[in-house]
Amino acid sequence: MSTETPSSVPAPAASKTNRLGLELATYRGSKTTLCAGCGHNAITERIIDACYQMGVDAKKVLKFSGIGCSSKSPAYFLNASHGFNSVHGRMPSVATGAMLANKTMTALGVSGDGDTGAIGVGQFVHLMRRNLPIIYIIEDNGCYGLTKGQFSPTADVGSKAKKGVVNELPPIDTCAMAMELGASFVARSFSGDKKQLLSILKAAIAHRGTCMIDVISPCVTFNDHEGSTKSYAYAKDHDEELGEVTFVPFFEDISVDYEPGSTTEVTMHDGSHLFLKKTAEDYNPTDKLAAHRLLHETASRGEFATGIIYIEPDKEDFLTSLNTVDIPLAFLPTDQVRPPKAVLDELMDELK
Amino acid sequence: MSSPSVSAAPAESLSSHHVVNDFSISVATVNGSGSQTANLVLLRAIFQMGVPISGKNMFPSNIAGLPTWYTIRVNHKGYIGRKRDVDFLVAMNAETAREDVMSLAPGRVVLYDAPLKLSELRDDLIFYSVPFDEIVRDVCPNAKLRRLVKNMIYDGVLSHLLSIDLGEMVKALSAQLGRKPKAMALNQTALEAGAKYAQEHFADIAHPYRIQRMNKTEGQILVDGNAAAAMGCMFAGCTVVAWYPITPSSSLPESLISYMRKYRMDQETGKATFAIVQAEDEIAALGMVMGASWAGARAMTSTSGPGVSLMSELAGLAYYAEVPAVVFDIQRVGPSTGLPTRTAQSDILSTAVHSHGDTKHVLLLPASMAECFDMAGDAFDLSERLQTIVYVMSDLDLGMNTWMSEPFTYPTKPLDRGKVLDEAKTRELGASWGRYKDEDGDGIPWRSVPDGPGPAYFTRGSGHNAMAQYSERAEDYVSNLDRLAKKYETAKGLVPQPIEDSVAGAKVGIIAYGSSHWAVEESRDQLRDTSALPTSYLRVRAYPFPDSVEDFVRRHDRVYVVEQNRDAQMLSLCRMDLDPALQTRLRSVLHYSGLPIDAGSITESIVAQEKS
């Protein structure tokens, strides 16, 4: 028998539905096999919530992952979506290919800090450069969970592993990299911050382009101890929230009422609205230089800034730049993909 | 102008008689000097005169300044494999001239750049000295262009020495440069100046090698295998291409880009019916191909040995997760810092079992331009039918050299998109559908494509049961592995079948594949005519081997497996797959110099082994 069966969630008494008339349960996946309390499970829940609340058509979603604990999680949400658990660090290319084949899909990739920052850093770099339409989530716990707790490239200097080893190499800041390389939506969040993560995910669903979301997601088994900078306790104490994120999808009325000047409003490509409450620093998430400064300053204080760090709502995405026909390439009929005999005759004549 | 220098060879040499339409010309130049245009004009002019030719470029892995040799073989019988010996040397490169001259057999001919003073080296050759610098000074006022234009002068000289119609030369030049009037005019002047010089200075000499008009190339085309394969991909309905530059593969995707941009843009909207992406490396290229194929596109990549090595991990996933993918391997000698511009058939064994775990793959083995074209289509059909990775094992000799061919046949067979769930099949199978379930007994399951009518499933490597659910149960793994083996058996009946040419009573058989074919055909004639050794021939066109391969070995006392690698890679596959009792019949003919195999080498090897 299969070791995995879809989890059955009892329907709520008064079944609530979204704009597609679907219940939350239809967005669930198979039962998680990750450790109890793993941050990744909370992210899975937020993905389910975000897709439900946005009224995402799961049949139009493609799920991708690489290898590692994080990369198991696409099996735990959106059972009605096709998923592809690829190889270590190579999810970006597989996702790119699938989106080339069918640009009408929504790509949702889940990676880990090792999968992205170590073995997969090359493909990550080029995914960001291309600004492929994809929601790329890093479930970031600073260690390799599935191989029992080795440091990953996002581990901070001085962070202590469970066995007492101290990390001495500087971390890769995936948000800074993504921004520098061309991703048009860059955010960081914490798996314990339900409200913020949900808003960011909903905004990401509305965005067309690469949404790189680094989510600090503590590993309860190998990296949640005293001395770790990716533990729940450390994350709670050092989360520097960049002001409240409020997302209003295009299909809802804007009912937020902020004092003039207190928020930055960003109109998304699909007509949705993003309201970012200004912090004391008057942070502007469309200013790339300011975003870089912020990341450096918070990191130097041992904190991590969370929220939408950078957004460029109208940047052209990779698939648009390829100027392909409207029908997905995967479904083009033969007469559109096999030129007529006259073309071969012409080519042959040129070679005679 | 300096006085002409012609030194005739001794009387017993070839100068006493003519050799018509059966010789080889080697043009030794420096790469980056623009000699390719002149060489193709020479090749094309002879081809236009109806004489069978083949052109092989031996070039360095370098952009400018290193020696390069372009060899044209002319053969009235139509032998188009490489000829080992050079009959007519055009020595334009000071660096190699001495060695090139010393390697010629007595009586052969050398046309050389006057300052090289080559006639002093030997007295048993025919030398023609031409002051190229002086001629080019008169025809090309722009000093910067002289280095390039100089090459066209040797074409002009050759037109006289080899009796090649100058009009055909001009026509061939026009095919190359017709769209650039200035360059055309300048080069034509150089061509004519060369011819004039030869007429004025070498008129009284009996020239031993001659081209005489025939009608053996009528209707034929001149093409390289990478262009042929690119055309094949376009007519096969390829929609996604991901690639990374590597010699000798790059010209395949680059040709494909130019064909697709011309012929695969939607006429109404001007939008592309394809996506071509230059990936960050070969790993990403195969990843993109697999993602695209998984999502329902016809996707391909093209690479060479080092790239195939990088693709290894994903290839294993393609095998286990049953994702179609088409990979062209334009083989060359390895490794990356080796001889990337020399040909080989040396990825056969490693590609047949490419990747980790228990894997075995489908290889297609094109031998001709037409097969480079046709097998591109076969590769997509087989890859989707079998839901697996399919390799087209071309090589540098096929891919980058210029070959004669019959025009390609327009594919009329419908595209075989394989077992993809449509609405009717989805309804028919209902809840019983399993992504990895052997519904039809051929080992090939039904595939559901995202955004199609079939149910969703989660694609992962080997840890799944027939229903594509996560499973680490031993029975599930074994059952899946056995089904994959059954699928491989099914492949034997679907791949291009071997082509056999049996001679009644022949005790000796030859097995060959790919670009070795042409030299084998010529060698069989040599063995029959000069060694009274009739041979039967089986040209293998795909792996896994259909049963006919074993039958062929069974019917012959000794079977020579001819291939271009050191370690007898195809022979090793035969040893793995054929009846062990037949293995003592198998012998090897190996060629691994990096130069294309030639008939003489095969003949000598077989004759020697037959004697022993």
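See the structure shown above.
Because the structure is a prediction, the values reported are computed rather than measured.

Trainee: Break down the overall build of chain A for me, citing the residues and quoting the values.
Mentor: On a plain count of helices and strands, chain A comes out with 12 helices and 13 strands. The C-alpha radius of gyration of chain A comes to 21 Å, within 12% of the 20 Å expected for a compact globule of 352 residues. Taken along the three principal axes of its C-alpha coordinates, chain A extends 75 × 50 × 50 Å. Looking at the 352 residues of chain A, the share that counts as buried comes to 56%. Roughly 14,100 Å² of accessible area belongs to chain A as shown, and the carbon and sulfur atoms make up 54% of that amount. Between the mean site of the 33 positive side-chain charges and the mean site of the 43 negative ones, chain A shows a separation of 7 Å.

Trainee: Pulling in residues and values, what's your account of the environment of Glu610(B)?
Mentor: Residue and element names in this part refer to chain B. As for its placement among the helices and strands, Glu 610 is situated in helix H20 (residues 599-611). C-alpha separation for the pair Glu 610 and Leu 533, spaced 77 residues apart in sequence, amounts to 9.5 Å. Here Tyr 560 takes part through its side chain, which lies 2.6 Å from a polar atom of the side chain of Glu 610.

Trainee: Give a detailed account of unusual backbone geometry, specifying residues and quantitative values.
Mentor: Here the bond from Gly334(B) into Pro335(B) is cis, since omega is -15 degrees, no more than 30 degrees from zero. Structurally, the position occupied by Pro335(B) is in the loop between strand E14 (325-331) and helix H12 (348-352). Each neighbour pair has its own omega, and for Tyr543(B) with Pro544(B) the value is 10 degrees, a cis peptide bond. If you trace the backbone, Pro544(B) turns up in the loop between strand E22 (542-543) and helix H18 (547-554). Look at Lys148(A): it is not a glycine, yet its phi comes out positive at around 80 degrees. Locating Lys148(A) in the fold gives a position in the loop between strand E5 (143-144) and strand E6 (150-151). For Lys148(A), a relative accessible area of 61% translates into the label exposed.

Trainee: Describe the sheet that holds strand E11 (residues 263-267) of chain A, with residues and values.
Mentor: Residue and element names in this part refer to chain A. Reading across from one edge, E10-E12-E11 is the order of the three strands in this open sheet, with antiparallel pairing throughout. Only two strands of the sheet have a single neighbouring strand rather than two, namely strand E10 (245-248) and E11. Going across the sheet, the axis of each strand differs from the next one's by a mean of 15 degrees, ignoring polarity. Sheet topology places E11 next to strand E12 (residues 273-277); five bridges connect them, and they run antiparallel. Bridged to Val 266 within E12 is Leu 274. Contacts from helix H7 (residues 194-206) reach E10 and E12 within the one sheet, and its direction differs from that of E10 by about 40 degrees.

Conventions and cut-offs
- Residues numbered from 1 in each chain as written.
- Chains lettered and ligands numbered in written order.
- Predicted model: local features only at pLDDT ≥ 70, side-chain atom pairs only at ≥ 80, totals over all residues.
- Heavy atoms only, no water.
- Helix = DSSP H or I, 4+ residues; strand = E, 2+ residues; numbered from the N terminus.
- Rg over C-alpha atoms; globule rule 2.2 N^0.38 Å.
- Buried < 20%, exposed > 50% of the residue type's maximum accessible area, 1.4 Å probe, protein only.
- Areas by Shrake-Rupley, 256 points an atom, 1.4 Å probe, with all protein chains shown as cover.
- Lys, Arg positive; Asp, Glu negative; His and termini not counted.
- Charge placed at Lys NZ, Arg CZ, Asp CG, Glu CD.
- Polar contact = N/O pair within 3.5 Å; in protein donor to acceptor, adjacent residues only side chain to side chain.
- Pairing = 2+ DSSP bridges.
- Axes fitted to C-alpha atoms, helices over the stretch in contact; angles between N-to-C directions.
- Contact = heavy atoms within 4.5 Å.

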